[in-house]
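Examination of the molecular architecture
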Amino acid sequence: MSKILKLTELRKLMLEMEKSLGLQELSEVERDILCAASEIAQTELSDYASTSHLMNHTLVSGVSRPTFFRALSSLVKKGHLSKNEEDSRGYYSVTHFSR
């Protein structure tokens, strides 16, 4: 199997997984932020991912700052992320999906 066919199969699998999780209504940036937040929270053994960690994550690092904050705000409004109200800085947890 060629590399492009392997990539095609992976992309199809990802699309199916995103559809099964109800992520198809999210933009690509929103999906990337949500995945990054989930990974960071799990890696840090915490329920929260900081804004700075999110912005530096491989999936999100190429996103412009205004686009990042629009998508982050949208995820909070849609209920996929929640902001830690106990901390004045930006810490977010994934609320819509279990780990």
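Residues numbered from 1 in each chain as written. Predicted model: local features only at pLDDT ≥ 70, side-chain atom pairs only at ≥ 80, totals over all residues. Heavy atoms only, no water.

Some points on the sheet that holds strand 2 (residues 81–83)
Applied cut-off: In short, DSSP must find at least two bridges between two strands for them to pair. Going along the chain from the N terminus, every DSSP run of H or I of four or more residues is numbered as a helix, and every run of E of two or more is numbered as a strand.
If you trace the three strands from one edge of the open sheet to the other, you get 1-3-2, paired in antiparallel fashion. Single-partner strands in this sheet number two, and they are strand 1 (49–50) and strand 2. Bridge count for strand 2 against strand 3 (residues 91–94) is three bridges, and the pairing is antiparallel. Its bridge partner being in strand 3, Leu 81 is matched across the sheet by Val 94.

Overview of the nonpolar core
Where we set the bar: Among buried residues, the Ala, Val, Leu, Ile, Met, Phe, Trp, Tyr and Cys ones that are joined through side-chain atoms within 4.5 Å form a nonpolar core. The classification of residues rests on relative accessible area computed with a 1.4 Å probe and restricted to protein chains. Under 20% of the type maximum is buried, over 50% is exposed, and intermediate values are partly exposed. Contact criterion: two residues are considered in contact whenever any of their non-hydrogen atoms come within 4.5 Å of each other.
Grouped together as the largest cluster of nonpolar side chains are 16 residues, with contacts concentrated most on Ile 33, Leu 54, Phe 68, Leu 72 and Leu 81. If one sorts the elements of this core by residue count, helix 2 (residues 28–43) sits on top with five residues. Leaving out residues up to four positions away in the same chain, Phe 68 has contacts with Ile 33, Thr 51, Leu 54, Met 55, Val 60 and Val 63.

Some words on helix 4 (residues 65–77)
Stated precisely, the cut-off is as follows: By this rule the span expected of a helix is its residue count minus one, scaled by 1.5 Å. When we speak of the arc, we mean the arc of directions from the helix axis to the C-beta atoms.
A rise of 1.5 Å per residue sets the reference length of helix 4, with its 13 residues, at 18 Å; its end C-alpha atoms lie 18 Å apart and thus fit the reference within 8%. Among all positions in helix 4, only Phe 68, Ala 71, Leu 72, Ser 74 and Leu 75 are buried. Summarising the axial view, the buried residues of helix 4 lie within an arc of 160°, below the 170-degree limit, and thus occupy one face. Of the exposed residues in helix 4, those oriented more than 90 degrees away from the buried face are Arg 65, Arg 70 and Lys 77. Contact partners of the buried residues in helix 4: helix 2, helix 3 (51–56), strand 2 and strand 3. Gly 79, located one to two residues past helix 4, shows a positive phi value of around 85°.

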